[in-house]
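Chain residues, written in single-letter form:
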Number of protein chains: 2
Amino acid sequence: MTEPVPIMSVSRESQAGRTVAGRVFALLNAFSQERPAMRLIELAAVTGMPVSTVHRITAELVELGALKKQRDGVYRIGLRLWELGSLCPAPRTLRDVSLPFMQDLYETTAENVHLAVLEGDEVLYVERVWGRRSVDVVSRVGGRSPLHATGVGKILLAHASRELQTAVLEAGLKRYTPHTIVLPGVLMKSLREARDTGIARCTEELSLGTASVAAPIFGPDRRVVAALSVVSHTVTRPRSLAAVEPALRLATLSISRELAKGYDGIGQAGVVPLRPQ
Amino acid sequence: MTEPVPIMSVSRESQAGRTVAGRVFALLNAFSQERPAMRLIELAAVTGMPVSTVHRITAELVELGALKKQRDGVYRIGLRLWELGSLCPAPRTLRDVSLPFMQDLYETTAENVHLAVLEGDEVLYVERVWGRRSVDVVSRVGGRSPLHATGVGKILLAHASRELQTAVLEAGLKRYTPHTIVLPGVLMKSLREARDTGIARCTEELSLGTASVAAPIFGPDRRVVAALSVVSHTVTRPRSLAAVEPALRLATLSISRELAKGYDGIGQAGVVPLRPQ
């Protein structure tokens, strides 16, 4: 994602000054994976709010623990906001249910294991299990990736509403590597394939040297609520990820079966919305 | 914790109506592990705000993705707040650095592995690794526990400011089981022991049937920034946790050494405050 704030936050930004919460979140939404730390002047620039207003609200947010001000005057997201966020049922429930199986998958494959959901028109990583036996990858929990250039993204898009699929295609498929799928027809074919086979493959489509296989996780209502993937390195791990697919399928089936037992949140707030809220 | 909102939020609550952010967070702070889902009327009761005000602000927060309103009219924390919270450097950095070693510790012991920090006058769990080979425990990521009745709590309190130690003792040591340490002198002795040996043990002091051993994790400035623990079941896992201690020590030393390399956030915003902000 290249924007300083998520796409669906733009409408929120426009609320700045209109509503009480709007002003507060225009400021909080200025923080992102790409811009996790900012000074007052940068916050004012990103939010388009007067420095005096930014100064007043950030002081309040620091007092509340929502932001933390470093000695050097740089602001970051505070521990209190992390704590509140951990109450969100979707990632919490998915994580609690999935992590043991993700452990097993890591122990079996010694590769990175990612759990992702659809948020707006992007992939949002809610959990990641890896170790020093696995190769390093860029993705991190709370991070985002494009739908059309990742294994988890293809799974989530393949099972998303026709409406979202059209929106993604019409927005244009950004090229990240020479292997990125940029032709709508080719992407739709690979989405059909992902739906039919239950597996999505992605080889050096987002970054050179990285490959992944992904499979869907179903909620109690049989809707796809998340995607699980195994990510490896095409150079240091030449062996094909195909060997990992049976274990990946097994893990997603186990997680889906656990979710079907109906965990707190899932089936209600726990089902991740297919459209931005 | 029995209060509907964290202790240190009381001062925030009192800000309700006083400041813009204060009103918004008086509402968000109403949500907790014990009360993750509420209706308008409950939110009004917990915050002491007029239903009309609660109605207006919750509507704004839902629009912003900070809250999610279920079909049944129940409100929960939204995915956007989880995403913002994941930008908090302390838990993110600690987690990113610690998880691989926590994996290894789980693979070695097949027991629950917990990573906790000091937040206000309580233990805050920022990460947990477990699997179907380990026993089930109540603690969860984002959850809290008392300092005097947990292994991680004893480690964090042992290395906390004299000021906080005094405050905890003066607040009174709540009894959770017949084995809970409720005598100030006995607690101070066990804190000295934890400082001297680098290990804190806790056997059925918070809940019957559960035992844990914990060790400190040091930041670049040699201050204790977190505690790592292995939690087991005294009944189904009769073998002593003493056997686990060398592996636990090794893991905390490895994590501390990694942190010493200086990760983004740690030593600055990453150092968890010893007092509520």
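S.K.: Could you give me a rundown of the sheet that holds strand β8 (residues 210-218) of chain A, with the residues and numbers involved?
M.R.: All names here are of chain A. What the 6 strands build is an open sheet, ordered β6-β5-β4-β9-β8-β7; its pairing is antiparallel. Each edge of the open sheet is held by one strand with a lone partner, namely β6 (144-146) and β7 (200-203). Each neighbouring strand pair of the sheet contributes to a mean axis angle of 30 degrees, computed without reference to strand direction. Of the pairings in the sheet, the one linking β7 to β8 comprises 4 bridges and is antiparallel in character. Note on β8: the bridge partner recorded for Arg201 is Val213.

S.K.: Hey, could you go over the packing of aromatic side chains for me, with residue numbers and the actual values?
M.R.: Tallied over the full model, the rule gives 0 aromatic pairs over all chains. Looking at A:Arg222, its charged tip hangs above the ring of A:Phe218, at a distance of 4.6 Å from the centre.

S.K.: An account of the environment of B:Gly153 is requested, with residue identities and associated values reported.
M.R.: All names here are of chain B. Inspection of the secondary structure puts Gly153 in helix α7 (residues 151-158). The class for Gly153 is buried, based on a relative accessible area of 0%. With 25 residues separating them in the primary sequence, Gly153 and Arg128 have C-alpha atoms 15 Å apart. In this structure Gly153 touches Val123 and Leu147, once residues within four positions along its chain are discounted.

S.K.: Kindly report on the environment of A:Leu43, identifying the contributing residues and their values.
M.R.: Residues and elements named next belong to chain A. Among the secondary structure elements, Leu43 is positioned in helix α3 (residues 40-47). As for Leu43 and Ser232, which are separated by 189 residues in sequence, their C-alpha atoms are 37 Å apart. Those residues in contact with Leu43, other than ones at most four positions away along the chain, are Leu27, Ala30, Phe31, Met38, Gly48, Val54, Thr58 and Tyr75.

S.K.: Just give me the short version of the pairing of strand β5 (residues 122-129) of chain A, but keep the residues and values in it.
M.R.: Residues and elements named next belong to chain A. Most of β5 sits out of view: 8 of its 8 residues are buried. Pairing between strand β4 (residues 112-119) and β5: 7 bridges, direction antiparallel. From the neighbouring strand, Val117 faces β5, where its bridge partner is Leu124. Here β5 runs beside β6; their pairing, made up of 3 bridges, is antiparallel. From the neighbouring strand, Leu124 faces β6, where its bridge partner is Arg144.

S.K.: Which residues make up the confidence of the model for chain A, and what values do they have?
M.R.: Residue and element names in this part refer to chain A. Model confidence for chain A is summarised by a mean pLDDT of 83, while 82% of its residues fall at 70 or above. The weakest mean pLDDT in chain A belongs to helix α1 (residues 10-13) at 40; the strongest belongs to helix α7 (residues 151-158) at 97. Ignoring residues within four places in sequence, the model shows residues 1-17, a span with pLDDT below 50, making 41 contacts including any to other chains. Per-residue pLDDT stays below 50 along residues 263-277; that stretch engages in 53 contacts with residues further than four places along the chain or on separate chains. The ipTM assigned to the predicted complex is 0.72, against a pTM of 0.70.

S.K.: Requested: an account of the sheet that holds strand β8 (residues 210-218) of chain B, with residues and values cited.
M.R.: By definition, the strands of a sheet pair up through backbone hydrogen bonds, in either a parallel or an antiparallel sense. Residues and elements named next belong to chain B. The strand order across the open sheet formed by 6 strands is β6-β5-β4-β9-β8-β7, and the pairing between neighbours is antiparallel. For this open sheet the edge positions go to β6 (144-146) and β7 (200-203), each flanked by a neighbour on one side alone. Taking each pair of neighbouring strands and ignoring which way they run, the sheet shows an average axis angle of 30 degrees.

S.K.: Describe the pairing of β4(A), listing the residues and the values that go with them.
M.R.: Residues and elements named next belong to chain A. Most of β4 is tucked away: 8 of the 8 residues are buried. The side-chain alternation of β4 yields two buried faces, one formed by Asn112, His114, Ala116 and Leu118 and the other by Val113, Leu115, Val117 and Glu119. Pairing of β4 with strand β9 (residues 224-233) involves 5 bridges; the strand directions are antiparallel. When the sheet's bridge partners are listed, His114 is paired in β9 with Ser229. Counting the residues in the hairpin turn of β4 and β5 gives 2 residues, including Gly120, whose phi is positive at 65 degrees.

S.K.: Give me α3(A): which residues, what numbers.
M.R.: Residue and element names in this part refer to chain A. All of the buried residues along α3 are Leu40, Leu43, Ala44 and Thr47. Seen from one end, α3 has its buried residues packed into an arc of 100 degrees, which puts them on one side. In this structure, α3 carries Ile41 and Ala45 as exposed residues pointing more than 90 degrees from its buried face.

Parameters at a glance
- By convention here, each chain's residues receive numbers from 1 onward along its written sequence.
- Chain letters start at A and ligand numbers start at 1, both assigned in the order the entries are written.
- Note on the predicted model: pLDDT of at least 70 is required for a residue's local features to be given, and 80 or more for side-chain atom pairs to be given and counted; whole-chain, interface and lining totals, by contrast, use all residues.
- Side-chain metrics rest on all non-hydrogen atoms present in the structure, leaving aside hydrogens and water.
- By the convention used here, strands pair only if DSSP detects at least 2 bridges between them.
- Helix numbers and strand numbers start at the N terminus; a helix is a DSSP run of H or I with at least 4 residues, a strand a run of E with at least 2.
- Helix axes are fitted to C-alpha atoms over the stretch in contact, other axes to C-alpha atoms as well, and angles between N-to-C directions run from 0 to 180 degrees.
- The pairing test for Phe, Tyr and Trp rings, Trp by its six-membered ring, is centres within 6.5 Å, and the orientation test on the planes gives stacked under 30 degrees, edge-to-face over 60, and tilted for anything in between.
- Only Lys NZ and Arg CZ are tested; either one counts as a charge over a ring when it is within 6 Å of the ring centre and within 35 degrees of the ring normal.
- For the exposure calls, accessible area comes from a 1.4 Å probe over protein chains only, and a residue counts as buried if that area is under 20% of its type's maximum, exposed if over 50%, partly exposed in between.
- In what follows, residue pairs with any heavy atoms lying within 4.5 Å of each other are defined as contacts.
- As a per-residue measure, pLDDT reflects the predictor's confidence and takes values from 0 up to 100.
- Directions pointing from the helix axis toward each C-beta atom define the arc.

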